[in-house]
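Chain by chain, the residues run as shown.
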Amino acid sequence: MNLPGTHYRLRIESRSNLPAWVGAVSAIIGVFLALVVGGFMLRAAGATDPIGTYIEIFKEGFGTPADWAAGLHALFTGTDCPKGMQCFGPFSDTLVKASPIMLTGLACVIAFRMKLWNIGADGQMFLGAWAATAVAVFLLPKTTPRPVMLAAMAVAGILAGMAYGVIPGFLKARLNINEIVTTLMLNYVAYLWVEYFVVVGPWSLGDFESTGRFPTSATWPRLTDYVKQIPVAAGLTAHPGIFLGIAAALLLTWILYRSRWGYEIRVIGNNPKAARYAGIDVARNIILVMGLSGALAGLAGMNEVAAQRELNGRFQQGLGFTGVIVAWLARLNPIAAIFVAILFGALLVGTQLIQPQGISSMLQGVILFVVVGTELLFHYQIKLEKAESTAPSAAEASHD
Amino acid sequence: MAESADAFEMRGIVQRFPGVLANDHVDFAGRVGEVHALLGENGAGKSTLMNVLAGLYHPEAGEILIHGQHVVLRSPQDAIANGIGMIHQHFMLVPNQTVAENTVLGLNRPRFFLNLRKIEEQVQALGEQYGLSVNPRAKIWELSVGEQQRVEVLKMLFRGAKVLIMDEPTAVLTPQEVEGLFVTLRDMTKRGHTIVFISHKLDEVVAIADRVTVLRRGKVTAASVSARGVTKAQLANLMVGREVIFKVDKKKAKPGDVVLEVNRLCCDNDRGLPALREVSFQVQAGEILGLAGVAGNGQRELAEVLTGLRCTTSGTMNFNGTLLNRHTHWLELGQQLAHVPEDRAAVGSVQALSVAENLILKRFNRPPISKGWSINSIAVKQNAVKLVKEYNIATPTVETHVGMLSGGNLQKVILAREISGHPKLMVAVHPTRGLDVGATEAVHKLLVEQRDSGTALLLISEDLDELMSLSDRLVVIYEGRIVGEMPAEGADIRRIGLMMAGTKAES
């Protein structure tokens, strides 16, 4: 017997044909929600005023309008930065932090475009750093001209990262071995490889756990090096590495949207069956794209050692994983990755002084989690609907 | 014999997918204690209709009655609560759990404590009652495919299913297992269950069904006829259609040189079993060779072998003087060999790319589209604008993603791409499946024009009307063998139907 009456129920339906702007809106709402969730966590971690903390993080990461005004004034009048003002300091630090994650982010963008889940950008970056160091300290003489030295280091970093990316690519293409597992595991191999060389191995300077300071020719020039010409540049560590990232983003954009290879990558990424149908060599492209992805991560490693001016036992782990977040928030768009990387650089700089130290990683995690979650929710709609006649239960049906 | 009551009844079901009318006001009912076969070619709408009954799809129009009472089925849970259970072609079992564990999977009782011993006993008892013996403690991966199917049946019986929908249950079984299944099904009908048996295999339908309903292009062509008084040939005709919907206007073919010569070709299907057994035929320039056959007799594999998507096990394919084999560089061969694939969305196009980008899928690597390493976006756009106009593709812009297009327009995109490459050979698989009359007519016209311009065409279809009206010559395939060849003009449709059903043609 059917029970008369009105029932309400929730139903989740997937939405198709979403307009393009929905993605951007969902990302913005996602970041906002992430800040709200993060605010509660900051509160729990002891911050009495989470909003104030965010403002502080923003100031630390980008500087205040007053800082910028003072900086610009000092720049044009050729004077020092006034006392009590930070001028370009915060943004300079942000760019320094942004340049490696921009490159690892782009490494993830190109791999993820083909649905190759390379989460080994960290290891590829370590190997790039290692190879660049080998060139800078142990292969080329100290007197090598700076441009030659830096170019050689970049080539070494790229080749090492590429080789390290091709290994899982080859295993995936030929033997269909899951690249998530291999790239993740190879990270640890790379960490230990670098640790062996600089902590206990042939490159170690005893207790210093470091290769020692690189020759000047093997380091990025920094703004502060030009303090005589531009007084306001005092203490600014910004270096040309950021341009490597921007150039790489432009190159990836060209490859993806203007080249034959990029067309193949997009076809494979969207529909491997159609790629096979068109006669595109899928296996070859897996190896090539993993190589390019590794090369970008390797370049990030070169960039980092040239900026830090040494390779030591404290070389930072995790920048490759931040690259995963950057790529995802940029919705796998290389140009968007430039801006997301700078935002994340600011986040890293702004949270440096906050205790406990895990706040930065926590916020990163919350942002990724909430933004991806929001995007997913945007693809579904929840309907509250009236159910006029409901299905009888099994027991009732059996009476018939 | 007294007519027994309807266990369920579906009235006027309409189910639409983007570009396809899958069910067009379909009526279907199952009586208590009968095996009702739902027959039709692939894409006729059988699975769609049954997914509606199983609560997976929500139809636009139509109503469902269970024992005479209106119900709204919003989910498979609703369906099973109404005693309707569906066994899908691909089993929904967890391989490393036991039979008993799989049986209770997804049930919301027992609420908390799972007394597996008790469940095992119940499953054992149920199995013995219905002659479905499986060890309830065996893990699914240890079982044969036939045994796994029994677990699926048990799962549904355990949930109290009175109506059991089986989607092509014999496709995965050996002949012996099929016998076993039939015994079980008869036993179940004696106990008052209703079985809906979805199939396109005529032998089985005649052997097991009490009544048959035939679907064709989303419509019922034969409603609940008794399986006793019907022959296989009649069923074949009902399935593929006898009435000519529209006549294709074409001149007599002028066949030229042999473009494709296939000699004693063999290949395996996805499960590693022989799909083609020594197939030999020729296609000449300027003719359409039609390949007739009921689905699953090797047509798909043949198309894949010819277009480089599947490896042969023996035999040769001579295309225009060169042998096609695994050393063939298919990308280089490019558009000389055109392929209109069976699945236009999943194989023939990239849904997330634009119309323009899909139109260069086979020519992105050669001028004028490519210039060295780069792709000339102006040429891409020109190519698209020209083809959209020439082939009347209805799309808002050439930048629109093809995923937004209707089935007919998507097929036009594929045909425009394949035809505009001036192929020597075109393999077209079900080129009009799921399309409405207008789009079908447009596609037919394009294919005939293609023939008249000197292309050799191999047309693979289950639709006999289409084959008879388009082809110049017909070959019939059955179980991977070519069982007959004849000119299409004046061919006896009954004789073809018999050949498709596996009966050797006399004379």
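For clarity, every value in this text was computed on a predicted model and none was experimentally measured.

Rules of the game
Residues numbered from 1 in each chain as written. Chains lettered and ligands numbered in written order. Predicted model: local features only at pLDDT ≥ 70, side-chain atom pairs only at ≥ 80, totals over all residues. Heavy atoms only, no water. Helix = DSSP H or I, 4+ residues; strand = E, 2+ residues; numbered from the N terminus. Contact = heavy atoms within 4.5 Å. Areas by Shrake-Rupley, 256 points an atom, 1.4 Å probe, with all protein chains shown as cover. Rg over C-alpha atoms; globule rule 2.2 N^0.38 Å. Buried < 20%, exposed > 50% of the residue type's maximum accessible area, 1.4 Å probe, protein only. Buried area = accessible area lost by both parts, 1.4 Å probe. Salt bridge = Lys/Arg side-chain N within 4 Å of Asp/Glu carboxyl O. Polar contact = N/O pair within 3.5 Å; in protein donor to acceptor, adjacent residues only side chain to side chain. Axes fitted to C-alpha atoms, helices over the stretch in contact; angles between N-to-C directions. Parallel < 35°, antiparallel > 145°, perpendicular 65-115°, else oblique. Left-handed = near helix turned anticlockwise from the far one by under 90°. Nonpolar A, V, L, I, M, F, W, Y, C, P; charged D, E, K, R; others polar. Pairing = 2+ DSSP bridges. Core = buried A, V, L, I, M, F, W, Y, C linked by side-chain atoms within 4.5 Å. Domains from an automatic or database assignment. Phe/Tyr/Trp six-rings, centres within 6.5 Å; stacked < 30°, edge-to-face > 60°. 1 Å grid on protein atoms, 1.4 Å probe; cavity = no way out; pocket = protein on both sides within 12 Å on 5 of 7 lines; lining within 4 Å. Points joined across faces, edges and corners; volume = space filled by probe spheres on them. pLDDT = per-residue confidence, 0-100.

1. Observations concerning the overall build of chain A
Logical step 1: When helices and strands are tallied, chain A shows 15 helices and two strands.
Logical step 2: In chain A, the share of contacts with a sequence separation of at least 24, taken over all contacts with a separation of at least 6, comes to 77%.
Logical step 3: Here chain A has roughly 19200 Å² of accessible surface; of this, 67% comes from carbon and sulfur atoms.

2. Comments concerning the overall build of chain B
Logical step 1: For chain B, the helix and strand inventory stands at 16 helices and 22 strands.
Logical step 2: Taking 23 Å as the expected radius of gyration for a compact globule of 507 residues, we find that chain B reaches 25 Å, a close match to that expectation.
Logical step 3: Based on the C-alpha atoms only, the size of chain B along its principal axes is roughly 70 × 55 × 45 Å.
Logical step 4: Out of the 507 residues belonging to chain B, those deemed buried represent 56%.
Logical step 5: Contacts spanning at least 24 positions in sequence make up 68% of the contacts within chain B whose residues lie at least 6 apart.
Logical step 6: Looking at chain B as shown, the accessible area adds up to about 22100 Å², and 52% of this sits on carbon and sulfur atoms.

3. Things to note about the interface of chain A and chain B
A common way to state how big an interface is: give the accessible area lost once the parts meet.
Logical step 1: Facing 31 residues of chain A, the contacting portion of chain B comprises 40 residues.
Logical step 2: Between chain A and chain B, roughly 3000 Å² of surface is buried when both sides are summed, and carbon and sulfur atoms account for 55% of that area.
Logical step 3: Here chain A is connected to chain B by one salt bridge.
Logical step 4: Residue arginine 266 of chain A is joined to glutamate 357 of chain B by a salt bridge in which the shortest nitrogen-to-oxygen separation is 2.5 Å.
Logical step 5: If you look at where chain A meets chain B, you find 11 residue pairs in polar contact (both at pLDDT 80 or more).

4. Some points on the packing of helix α12 (residues 319-329) of chain A against helix α13 (residues 334-350) of chain A
All names here are of chain A.
Logical step 1: Closest axis-to-axis distance for the α12/α13 pair is 8 Å, and the angle between their directions is 130°. The pairing of α12 with α13 is recorded here as oblique in orientation. The handedness of the crossing between α12 and α13 comes out as right-handed. Judged by residue contacts, Thr322, Ile325, Val326 and Leu329 of α12 engage Ala337, Val340, Ala341 and Phe344 from α13.
Logical step 2: Class assignment for the residues of the contact of α12 with α13 results in seven nonpolar, one polar and no charged.

5. Points about the sheet that holds strand β13 (residues 288-292) of chain B
Residue and element names in this part refer to chain B.
Logical step 1: Taken together, six strands build an open sheet; the order of strands is β16-β19-β20-β13-β21-β22 and the sheet is mixed. What marks the edges here is a single partner per strand, and that holds for β16 (337-340) and β22 (481-487). Neighbour-to-neighbour, the strand axes of this sheet turn through a mean angle of 15°, independent of strand direction.
Logical step 2: Taken together, the four bridges between β13 and strand β21 (residues 473-478) define a ladder with parallel strand orientation. Looking at β21, one finds that alanine 292 is bridged to valine 476.
Logical step 3: Lying on the sheet, helix α16 (residues 493-500) is in contact with β13, β21 and β22; it crosses β21 at an angle near 30°.

6. Some points on the pattern of salt bridges
Residue and element names in this part refer to chain B.
Logical step 1: Evaluated as defined, the whole model comprises 23 salt bridges over all chains.
Logical step 2: Two residues, glutamate 304 and arginine 310, come together in a salt bridge whose shortest N-O distance is 2.7 Å.
Logical step 3: Residue classification places glutamate 304 among the buried residues on the basis of a relative accessible area of 15%.
Logical step 4: Among the residues examined, arginine 310 registers a relative accessible area of 14% and is labelled buried.
Logical step 5: If you follow the salt bridges from partner to partner, you end up with Lys250, Arg451, Asp452 and Asp472 in one network.

7. Describing the sheet that holds strand β14 (residues 314-319) of chain B
All names here are of chain B.
Logical step 1: Sheet architecture is open: four strands sit in the order β12-β11-β14-β15, paired in antiparallel fashion. Either end of the sheet is taken by a strand with one partner, and the two such strands are β12 (274-284) and β15 (322-323).
Logical step 2: Sheet analysis places β14 next to β15, joined by two bridges and oriented antiparallel. By the bridge assignment, phenylalanine 319 is partnered in β15 with threonine 322.
Logical step 3: Contacting β11 (258-268), β12 and β14, helix α9 (residues 299-306) crosses the sheet at an angle of about 120° to β11.

8. A short note on the packing of α12 of chain A against helix α14 (residues 359-378) of chain A
All names here are of chain A.
Logical step 1: Where α12 contacts α14, the axes come no closer than 10 Å and their chain directions differ by 35°. Handedness of the α12/α14 crossing: left-handed. Contact residues: Thr322, Ile325, Trp328 and Leu329 in α12; Gln364, Ile367, Leu368, Val371 and Val372 in α14.
Logical step 2: Grouping the constituent residues of the contact of α12 with α14 by class yields seven nonpolar, two polar and no charged.

9. Focus: the nonpolar core
Logical step 1: Counting 173 residues, the largest nonpolar core has Met153, Leu296, Met302 and Phe344 of chain A together with Val212 and Ile496 of chain B as its most contacted members.
Logical step 2: The residue makeup of this core includes at least three contributed by each of domain 1 (6-240) and domain 2 (258-500) of chain B.
Logical step 3: Excluding anything up to four places from it in sequence, methionine 302 of chain A contacts Gly128, Ala129, Ala132, Leu150, Met153, Ala154, Gly157 and Trp220 of chain A.
Logical step 4: One finds Leu126, Met156, Leu164 and Phe197 of chain B within the second-largest nonpolar core, a separate group that totals 35 residues.

10. Section: the pairing of strand β8 (residues 194-199) of chain B
Residues and elements named next belong to chain B.
Logical step 1: Counting buried residues along β8, six of its six residues qualify, which places the element largely inside the surrounding structure.
Logical step 2: Both strand β3 (residues 35-39) and β8 contribute to a ladder of five bridges, which runs parallel. Bridging across to β8, histidine 36 finds its partner in valine 196.
Logical step 3: The pairing of strand β7 (residues 163-167) with β8 spans five bridges and is parallel. Counterpart to valine 163 in the pairing with β8 is threonine 194.

11. Topic: the environment of serine 349 of chain B
Logical step 1: Looking at the secondary structure, you find serine 349 of chain B in the loop between β16 and α11 (355-358).
Logical step 2: Exposure remark for serine 349 of chain B: the relative accessible area of 1% places this residue in the buried category.
Logical step 3: Along the primary structure serine 349 of chain B and glycine 12 of chain B are separated by 337 residues, whereas in three dimensions their C-alpha atoms are 33 Å apart.
Logical step 4: Sequence-distant contacts of serine 349 of chain B, defined by excluding residues within four places in its chain, comprise Asn271 and Ala274 of chain A together with Arg344, Asn358, Val402 and Leu410 of chain B.

12. Examining the domain arrangement of chain B
Logical step 1: Looking at chain B, the domain boundaries give domain 1 (6-240) and domain 2 (258-500).
Logical step 2: Summarising the inter-unit geometry, the C-alpha centres of domain 1 of chain B and domain 2 of chain B are found 34 Å apart.

13. Thoughts on the packing of aromatic side chains
Both the distance between ring centres and the angle between the ring planes are used here to describe each pair of aromatic rings.
All names here are of chain A.
Logical step 1: Going through the model one piece at a time under the given rule, you end up with 20 aromatic pairs over all chains.
Logical step 2: On the numbers, 5.1 Å between centres and 55° between planes, the contact of phenylalanine 112 with tryptophan 117 is tilted.
Logical step 3: For phenylalanine 112, a relative accessible area of 4% puts it in the buried group.
Logical step 4: Its relative accessible area of 28% is what places tryptophan 117 among the partly exposed residues.
Logical step 5: For the pair tryptophan 130 and tryptophan 193, a centre-to-centre distance of 5.4 Å together with 65° between the ring planes defines the contact as edge-to-face. Placement of the pair is tryptophan 130 in helix α5 (residues 121-139) and tryptophan 193 in helix α7 (residues 179-200), with a sequence separation of 63 residues.

14. Focus on empty space enclosed by the protein
Logical step 1: Considering all chains together, one arrives at six cavities of 30 Å³ or more under this definition.
Logical step 2: Roughly 120 Å³ of internal volume is contained in the largest cavity.
Logical step 3: Lining the largest cavity we find Arg276, Tyr277, Ala278 and Gly279 of chain A together with Thr307, Gly308, Trp330, Leu333, Gly334, Leu337, His339 and Lys362 of chain B.
Logical step 4: Among the elements of the structure, α10 (272-278) of chain A together with α10 (330-333) and β16 of chain B are those that each provide at least two residues to the lining of the largest cavity.
Logical step 5: The biggest single contributor to the lining of the largest cavity is α10 of chain A, with three residues.
Logical step 6: Split into classes, the residues belonging to the lining of the largest cavity amount to five nonpolar, five polar and two charged.

15. As for the confidence of the model for chain B
Logical step 1: Of the residues in chain B, 93% reach a pLDDT of 70 or more, and the chain-wide mean stands at 85.
Logical step 2: Averaged pLDDT values for the elements of chain B fall to 75 in helix α8 (residues 232-240) of chain B and rise to 94 in α11 of chain B.

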